[in-house]
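# Notes for the structure review
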Amino acid sequence: QLGLETRTIGKMIHYQETVESTQKIAHQLANEGVQEGTLVVAEEQISGKGRLMRSWHSPKYSGIWMSLILRPKIPVHEAPQLTLLAAVAVAQAIEDTTALKPQIKWPNDILVNRKKVVGILTEMQAESDRIHSVIIGIGMNINQQLEDFPEELQEKASSLLIESGETISRSTVIQRALYRLEKLYDLYLKEGFKPIKDLWESYAISLGQVIRASTVNDTIVGKALGITDAGVLLLEDDKGKVHSVYSADIEIQ
Ligand code: BTN
């Protein structure tokens, strides 16, 4: 029904109207050994998960809430590369379906006109240094109106409808996103992270700017120099010291 043109990604689709979180179902399926490329999609999540233990607002029929299972043979420390890969694929899918110009805020928020329209949550299952599965959760705000967002999000969040003024077909966006994901994943398996990194940097919003990165117990303010080959953000503070940031919330100063 999605009219997919992909080979493995989205070949098996688990669709449910209402779930707690597609991420949770994807973890269960991954444990059961389902094939790579299996996708979980829902119309609504009642406890959608965001990064850094936050919740993710996922109202019925207005967005895309999906989790993809991959099983790459890469070491654990390279898994963040897949998050960046997913962000590029989704940005491309937005360009394929709208006239909007998406930008990526490290590591994987997609902004349109400086407002967040997409969030990506990557989790993995691994034993020692062997990845068992990587679960990429993608939440896309598609057809929400501003008043559909909780008040505290209205300044920072948006949807493709709000930004483009047009109702967007969710199935077309899913189809494009899966197509782009497969193309980039194939490229990644063949040529490594370099081409993905270059693409990611072409969408990056914060490189060269001074940003504030807040982690659980630390805040670093510095100029964003770029990302490493592992997908780690490099920040240079005012003393010239370069910090590697693995996971944080960033704010552009
Ligand atoms: C973020 O904090 O920006 C990441 C949000 C990720 C939300 C998606 S929606 C589909 C999948 N299932 C979840 O519970 N979360 C992710």
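Here goes a summary of the coordinates provided. (Residues numbered from 1 in each chain as written. Predicted model: local features only at pLDDT ≥ 70, side-chain atom pairs only at ≥ 80, totals over all residues. Heavy atoms only, no water.)

To continue, consider the packing of helix H4 (residues 170-191) against helix H5 (residues 194-203). Closest axis-to-axis distance for the H4/H5 pair is 8 Å, and the angle between their directions is 135 degrees. One way to sum up the angle between H4 and H5 is to call them oblique. Touching Leu-184, Leu-187, Tyr-188 and Glu-191 of H4 are Pro-195, Ile-196 and Leu-199, all from H5. Each residue belonging to the contact of H4 with H5 can be placed in one class, and the counts come to 6 nonpolar, no polar and 1 charged. (Axes fitted to C-alpha atoms, helices over the stretch in contact; angles between N-to-C directions. Helix = DSSP H or I, 4+ residues; strand = E, 2+ residues; numbered from the N terminus. Parallel < 35°, antiparallel > 145°, perpendicular 65-115°, else oblique. Contact = heavy atoms within 4.5 Å. Nonpolar A, V, L, I, M, F, W, Y, C, P; charged D, E, K, R; others polar.)

A few words now on the site of the ligand. Close to the ligand lie 20 residues, the nearest being Ser-21, Gln-45, Lys-49, Arg-51 and Lys-116. Arg-51 has a polar backbone atom sitting 2.6 Å from an oxygen atom of the ligand. Here the ligand loses 98% of its free accessible area of 420 Å² to cover by the protein chains. Looking at the shell around the ligand, the elements with two or more residues in it are helix H1 (22-31), strand E3 (48-49), strand E5 (63-70), strand E8 (115-127) and strand E9 (130-141). Broken down by element, the shell around the ligand gets its largest block of residues, 4 residues, from E8. Of the residues in the shell around the ligand, the class split is 6 nonpolar, 10 polar and 4 charged. (Near = heavy atom within 4 Å. Polar contact = N/O pair within 3.5 Å; in protein donor to acceptor, adjacent residues only side chain to side chain. Areas by Shrake-Rupley, 256 points an atom, 1.4 Å probe, with all protein chains shown as cover.)

Let us look at the sheet that holds strand E13 (residues 242-245). With respect to topology, 5 strands assemble into an open sheet ordered E13-E12-E11-E10-E14, the strand pairing being antiparallel. The outermost strands of the open sheet, each flanked by one partner alone, are E13 and strand E14 (249-252). Direction aside, the axes of adjacent strands within the sheet are offset by 45 degrees on average. As defined by bridge partners, strand E11 (residues 219-227) adjoins strand E12 (residues 233-236) across 4 bridges and the pair is classed as antiparallel. Bridging from a neighbouring strand, Ala-224 pairs with Leu-235 of E12. (Pairing = 2+ DSSP bridges.)

On to the pairing of strand E2 (residues 39-45). Most of E2 is tucked away: 7 of the 7 residues are buried. Inspection of the sheet shows strand E1 (residues 13-19) paired to E2 by 6 bridges, in the parallel sense. Residue pairing for E2: Val-19 is matched across the bridge by Gln-45. As for the winding sense of the linkage, the β-α-β connection from E1 through H1 to E2 is right-handed. Across 4 bridges, E2 lies against E5 in antiparallel orientation. In the strand pairing of E5, Ala-42 is matched with Trp-65. (Buried < 20%, exposed > 50% of the residue type's maximum accessible area, 1.4 Å probe, protein only. Right-handed = clockwise from strand over helix to strand, strands pointing away.)

Turning our attention to H1. For H1, the tally of buried residues reaches 7 of 10 residues, placing the bulk of the element in the interior. Residues of H1 that are buried include every one of Thr-22, Gln-23, Ile-25, Ala-26, His-27, Leu-29 and Ala-30, and no others. Tucked inside the fold, the buried residues of H1 contact E1, E2, E5, E8 and E9. Capping of H1 at its N-terminal end is provided by Ser-21; its side-chain oxygen lies 3.0 Å from the backbone amide nitrogen of Gln-23. After H1 finishes, the residue Gly-33 shows a positive phi value of roughly 85 degrees.

Within this structure, the stated rule accounts for 0 aromatic pairs. Over the face of the ring belonging to Tyr-179 we find Arg-176, whose NZ or CZ atom lies 5.1 Å from the ring centre. (Phe/Tyr/Trp six-rings, centres within 6.5 Å; stacked < 30°, edge-to-face > 60°. Lys NZ or Arg CZ within 6 Å of the ring centre and 35° of its normal.)

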